[in-house]
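Residue strings, one per chain:
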Protein chains: 2
Amino acid sequence: MLRKVDKHSGIPAYIQIVNMIKAELLLGNLQKGAQLPTVRDLQNIFDVNINTVLKALERLKAEGYIEAEQGVGYFIKRDVDIDQKIIETIRECVSKLKEDRIDLYTAMLIFEEVWKNG
Amino acid sequence: MLRKVDKHSGIPAYIQIVNMIKAELLLGNLQKGAQLPTVRDLQNIFDVNINTVLKALERLKAEGYIEAEQGVGYFIKRDVDIDQKIIETIRECVSKLKEDRIDLYTAMLIFEEVWKNG
DNA sequence: AATAGTGTTATATAATTATATAACACTATT
DNA sequence: AATAGTGTTATATAATTATATAACACTATT
């Protein structure tokens, strides 16, 4: 689901946009051939300047995820398949953590640190 | 564990530093009263300029996690306790995901998206 | 042929992030 | 009193990020 970027997170807006679109690909919400909203719509969806949208799309294009057709639109170039088992593992973990009333930011800090160290 | 920042992640170095130190607090690796390495040591540990270290420490100080004593050093101001159950939940999840050969970046993208949407 | 709806390119400006460097101020030890 | 080891402040510079704005180029429909 594409939504406003968080302007206070410290993470550059164009990186957040890249991440959101990659997440849609991973979850199968955006599939090969699908057309993205127009750059001017994306500008509104993400609540950023058009140039910031273009910077994110440029990055995704360079990484081979999307392609542009001038005068027509942006399209998903390939599916990014992921084992459903992985998604289920993460869903369960998120579900448990939410029961414990922890917030996303804290959860991600621990997640990253445990991954890199533990 | 404090380590070099990732200069290619797109995330500002000072944010990465803040996050790493917060993660240490959450995992109990840094406890109330503990002294941080000197700013000049941190500069080497994180592989950034001293001003970038100071920017991160300033943020942590403003949020009440640490305090500075001029001429002496930086100290942890309070413990950030977290239910061990939460850490165990995350450890198990990370363990499963590593078995599936997924990478951290992909895992975190899914994690965040599932949290905000699923 | 005209037009509405796409993506594309360009210029200017400001804020933020990061580096390099130097000098200063305080504390604890010698 | 001197000194080594801390944090602190200041100045300059460059790259990156983000915005605002305008004009242009291509495609598909009317």
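Residues numbered from 1 in each chain as written. Chains lettered and ligands numbered in written order. Predicted model: local features only at pLDDT ≥ 70, side-chain atom pairs only at ≥ 80, totals over all residues. Heavy atoms only, no water.

**A closer look at the overall build of chain A**
Stated formally: Every helix listed is a DSSP run of H or I at least four residues long, and every strand listed is a run of E at least two residues long, numbered separately from the N terminus. Using a 1.4 Å probe, accessible areas were evaluated by the Shrake-Rupley method; residue-level cover was limited to the displayed protein chains. Charged-residue counts in this description rest on Lys and Arg as positive and Asp and Glu as negative, His and the chain ends being excluded. For this purpose, a charge sits on NZ of Lys, CZ of Arg, CG of Asp or CD of Glu.
The helix and strand tally for chain A stands at five helices and two strands. Listed N to C, the secondary structure of chain A is α-α-α-β-β-α-α in terms of helices and strands. Expressed as lengths along the three principal axes of its C-alpha atoms, the size of chain A is roughly 50 × 35 × 25 Å. Carbon together with sulfur atoms contributes 45% to the accessible area of chain A, which is approximately 6400 Å² in total. Chain A carries 17 positive and 18 negative side-chain charges, and their two centres are separated by 4 Å.

**Let's talk about the relation of the copies chain A and chain B**
The following threshold applies: In this comparison the copies share one frame, found by least squares on the C-alpha atoms of residues holding pLDDT of at least 70 in both. Here a residue-residue contact requires only that any non-hydrogen atoms of the pair lie within 4.5 Å.
Superposition of chain A onto chain B requires a rotation of 180 degrees combined with a translation of 0.0 Å along the rotation axis, giving an RMSD of 0.0 Å. Such a turn and shift between the copies fits a two-fold axis. Among all residues of chain A, the one whose C-alpha sits closest to the rotation axis is I11 of chain A, at a distance of 2.7 Å. A share of 100% of the interface residues of chain A reappears at the interface of chain B, consistent with the copies meeting face to face through the same patch.

**Some thoughts on the packing of aromatic side chains**
Test applied: Here the aromatic set is Phe, Tyr and Trp, taking the six-membered ring for Trp, and pairing holds for ring centres within 6.5 Å; pairs whose planes are under 30 degrees apart are stacked, those over 60 apart are edge-to-face, and all others are tilted. Charge-over-ring placement is defined geometrically: NZ (Lys) or CZ (Arg) within 6 Å of the ring centre, and within 35 degrees of the ring normal.
The tally for this structure, following the rule as stated, stands at three aromatic pairs over all chains. Among the aromatic residues, those joined into a ring-pair cluster are F111 and W115 of chain A together with F111 and W115 of chain B. For K55 of chain A, the ring lying beneath its charged end belongs to Y14 of chain A, and the centroid distance is 4.4 Å.

**A short note on the protein's contact with DNA strand D**
Using the following cut-off: Put simply, a residue is near a molecule or strand once any heavy atom of it comes within 4 Å of that molecule or strand. Pairs of N or O atoms are called polar contacts if they sit within 3.5 Å, as long as, within protein, a hydrogen donor faces a hydrogen acceptor (for residues adjacent in sequence, only side-chain-to-side-chain pairs). Only Asp, Glu, Lys and Arg are considered charged in this grouping, and only Ala, Val, Leu, Ile, Met, Phe, Trp, Tyr, Cys and Pro are considered nonpolar; every other residue, Gly among them, is considered polar.
Around DNA strand D lies a shell of 24 residues, among which A13, N49, N51 and T52 of chain A together with Y74 of chain B are the nearest. Put simply, 64% of the atoms of DNA strand D that lie within 4 Å of the protein are in sugar or phosphate. Within the side chain of Q70 of chain A, an N or O atom sits 3.3 Å from a base nitrogen of DNA strand D. Within the residue set of the surface near DNA strand D, elements represented by two or more residues are α1 (13-26) and α3 (50-62) of chain A together with α2 (39-46), α3 (50-62), β1 (66-69) and β2 (73-76) of chain B. With three residues, α3 of chain A is the single largest residue contributor to the surface near DNA strand D. When the residues that make up the surface near DNA strand D are grouped by side-chain class, the tally is ten nonpolar, ten polar and four charged.

**Here we look at the environment of W115 of chain A**
Basically, it comes down to this: Residue burial is assigned from relative accessible area. The probe radius is 1.4 Å, only protein chains are included, and a residue is buried under 20% of its type maximum, exposed over 50%, and partly exposed in between.
For W115 of chain A, the position within the fold is in helix α5 (residues 104-116). By relative accessible area, which is 11% here, W115 of chain A ends up buried. Apart from the residues lying within four places of it in its own chain, the contact partners of W115 of chain A are V94, L97, K98, I102, D103, L104 and A107 of chain B.

**Some remarks on the pairing of strand β1 (residues 66-69) of chain A**
All names here are of chain A. Basically, it comes down to this: Note: two strands are recorded as paired if DSSP finds a minimum of 2 bridges between them.
Bridge analysis of β1 against strand β2 (residues 73-76) gives four bridges, and the strand direction is antiparallel. Each residue of the ladder has a partner; that of E67, found in β2, is F75. In this structure, the hairpin formed by β1 and β2 is closed by a connection of three residues, where G71 is found at a positive phi of approximately 80 degrees.

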